[in-house]
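# Residue-level structural notes
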Amino acid sequence: MEDMFNFADELGPSKIIHIYEPSVGLKGILVVDNIAMGPSIGGLRIAPDVSVSECFRLARSMTLKNAAAGLPHGGGKMVIYGDPKMPLQQKQQIVRAAAASLRNQEAYIFGPDMGTNEQCMAWIRDENGRSVGLPRELGGIPLDEIGATAWGLIQAVNVALSYLDFELDGSRVVIQGFGSVGKHSARFLHEQGATIVAVNDSRGTIYNADGLDIDALFELKQAGKSVIDYSGGKSLEQDAIIDIECDIWIPAARPDIINEHNVDRLSAKLIVQGANIAITEGAEKQLYEKGVLCVPDFIANAGGVICAAMEYQGSTQKTAMATIAEKIAINTKTVLDISKAENIQPREAAIQMASERVKKAMSLRRWSLFSSAPHFI
Ligand code: NAD
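Our subject in this report is the structure included herewith. (Residues numbered from 1 in each chain as written. Predicted model: local features only at pLDDT ≥ 70, side-chain atom pairs only at ≥ 80, totals over all residues. Heavy atoms only, no water.)

## Digging into the site of the ligand
Taken together, 21 residues lie around the ligand, and Asp144, Thr149, Ser180, Val181 and Ala253 are the ones closest in. For the ligand, whose free accessible area comes to 830 Å², the fraction covered by protein is 72%. For the shell around the ligand, the secondary-structure elements that each account for two or more residues are helix 4 (143-146), helix 6 (180-191) and strand 7 (195-201). Here the shell around the ligand is composed, by residue class, of six nonpolar, 11 polar and four charged. (Near = heavy atom within 4 Å. Areas by Shrake-Rupley, 256 points an atom, 1.4 Å probe, with all protein chains shown as cover. Helix = DSSP H or I, 4+ residues; strand = E, 2+ residues; numbered from the N terminus. Nonpolar A, V, L, I, M, F, W, Y, C, P; charged D, E, K, R; others polar.)

## Observations regarding the pairing of strand 1 (residues 15-21)
Taken together, the seven bridges between strand 1 and strand 2 (residues 26-34) define a ladder with antiparallel strand orientation. When the sheet's bridge partners are listed, Tyr20 is paired in strand 2 with Lys27. Taking the residues between adjacent antiparallel strands as the criterion, strand 1 and strand 2 are bridged by four residues, where Gly25 takes a positive phi near 75°. (Pairing = 2+ DSSP bridges.)

## So, unusual backbone geometry
For the peptide bond that leads from Gly12 to Pro13, omega is 0°, which places it in the cis range. Checked against the element boundaries, Pro13 lands in the segment before strand 1. Phi is positive for Asp256, close to 55°, though the residue is something other than glycine. Along the chain, the position of Asp256 falls in the loop between strand 10 (248-251) and strand 11 (270-272). With a relative accessible area of 45%, Asp256 lands in the partly exposed category. (Buried < 20%, exposed > 50% of the residue type's maximum accessible area, 1.4 Å probe, protein only.)

## Description of the side chain of Thr332
Topologically, Thr332 is positioned in helix 11 (residues 317-342). Residue Thr332 is classed as buried on the basis of its relative accessible area of 1%. Among residues more than four places away in sequence, those in contact with Thr332 are Ala156, Val159, Val295 and Ile299. (Contact = heavy atoms within 4.5 Å.)

## Describing the sheet that holds strand 1
The five strands are arranged 1-2-4-3-5 in an open sheet whose pairing can be described as mixed. The outermost strands of the open sheet, each flanked by one partner alone, are strand 1 and strand 5 (108-112). Averaged over all pairs of adjacent strands, the angle between their axes in this sheet comes to 25°, without regard to strand direction. By the bridge criterion, six bridges tie strand 2 to strand 4 (residues 74-81) in an arrangement that is antiparallel. By the bridge assignment, Gly28 is partnered in strand 4 with Ile80. Strands in contact with helix 1 (residues 52-68) are strand 1, strand 2, strand 3 (40-47) and strand 4; relative to strand 4, the strand with the most contacts, it is inclined by about 150°. (Axes fitted to C-alpha atoms, helices over the stretch in contact; angles between N-to-C directions.)

Bear in mind that shape data such as this cannot, by itself, settle questions of function.
Written as structure tokens, this is what we have:
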């Protein structure tokens, strides 16, 4: 009892639900953090090492991300204990059982995350009618295929550049990770005149000071190869991505990649965070003190969830992309203006902005988190 309430603070969590169904081996946790803005949207993660605390932290970051993006949604997250590569039949049983057991939890809309994809979202919709990130045949907008998050990220890059003394055209960019966020960021930035000098993936780094051929890299990844199989550059260790001289550095891979021990190796003047929590708190503080501009993850990478929320409302891909561009540009500017005016880190400014929005929404309710309106939450 006491343990569960260790997470409780002024924003939530509203509910922590334990889900257990031994007949199919389902063990899961749902955290609905804050729903003052509307039903929560957050990913369903399947991994062997998840925990209540991880689920809570991810749910909270969705509360802030959705509020910062101005979406009518709160933050939630669900985790299921298990190997995401389990046989498909077993995975279907577990995911369907989880969705069925939560059919009355209208406060949570399932989205894809590590270990789940559009097929899982289709099973969930079939069980309870509440999921985003659906296959195109069911009205989904394939956000990874179209690069929705990267599209938002480059809006953040463009706005951030207006606070710096160089332009995108002719700038040198390094991107860590060449998955859906990394590769589409490379494509969009290249189209706007930037030179992508290095990228990496789980096998290593590829570098060419004169620029990499992004189409050729796309083809390699499409064929299931690594960026280091590209012949027009120098192949380096995975970690070398941190040392390459550049103007803009984009993390688009794993958490905690930049920390207090390696942050001094970065030479960029601008860092726009595609990956979630790619830079530790201490390292981000050091970058701020050195005058490096860092656009926080939950501002820069909100394109995916904006796209998902638009899909839920039945929007088209074109409208979703326009909304992503508009929202991320405005939010990046607001955060950087607050940071400048108050002399605080952009992350502090972003948390302040998002928390104020959540608190305002809470103040408009009879109870701060619950609404008693039918079919609302
Ligand atoms: P992805 O799985 O498509 O791609 C990840 C890429 O990172 C792959 O190229 C992989 O080879 C590479 N990689 C893995 N470990 C690495 C390492 N240690 N060093 C360098 N490269 C490594 O994932 P994604 O969807 O592009 O997501 C990337 C990050 O962005 C994740 O942190 C994710 O949570 C975050 N994010 C994604 C979205 C989205 O819409 N996909 C939205 C918001 C945030």
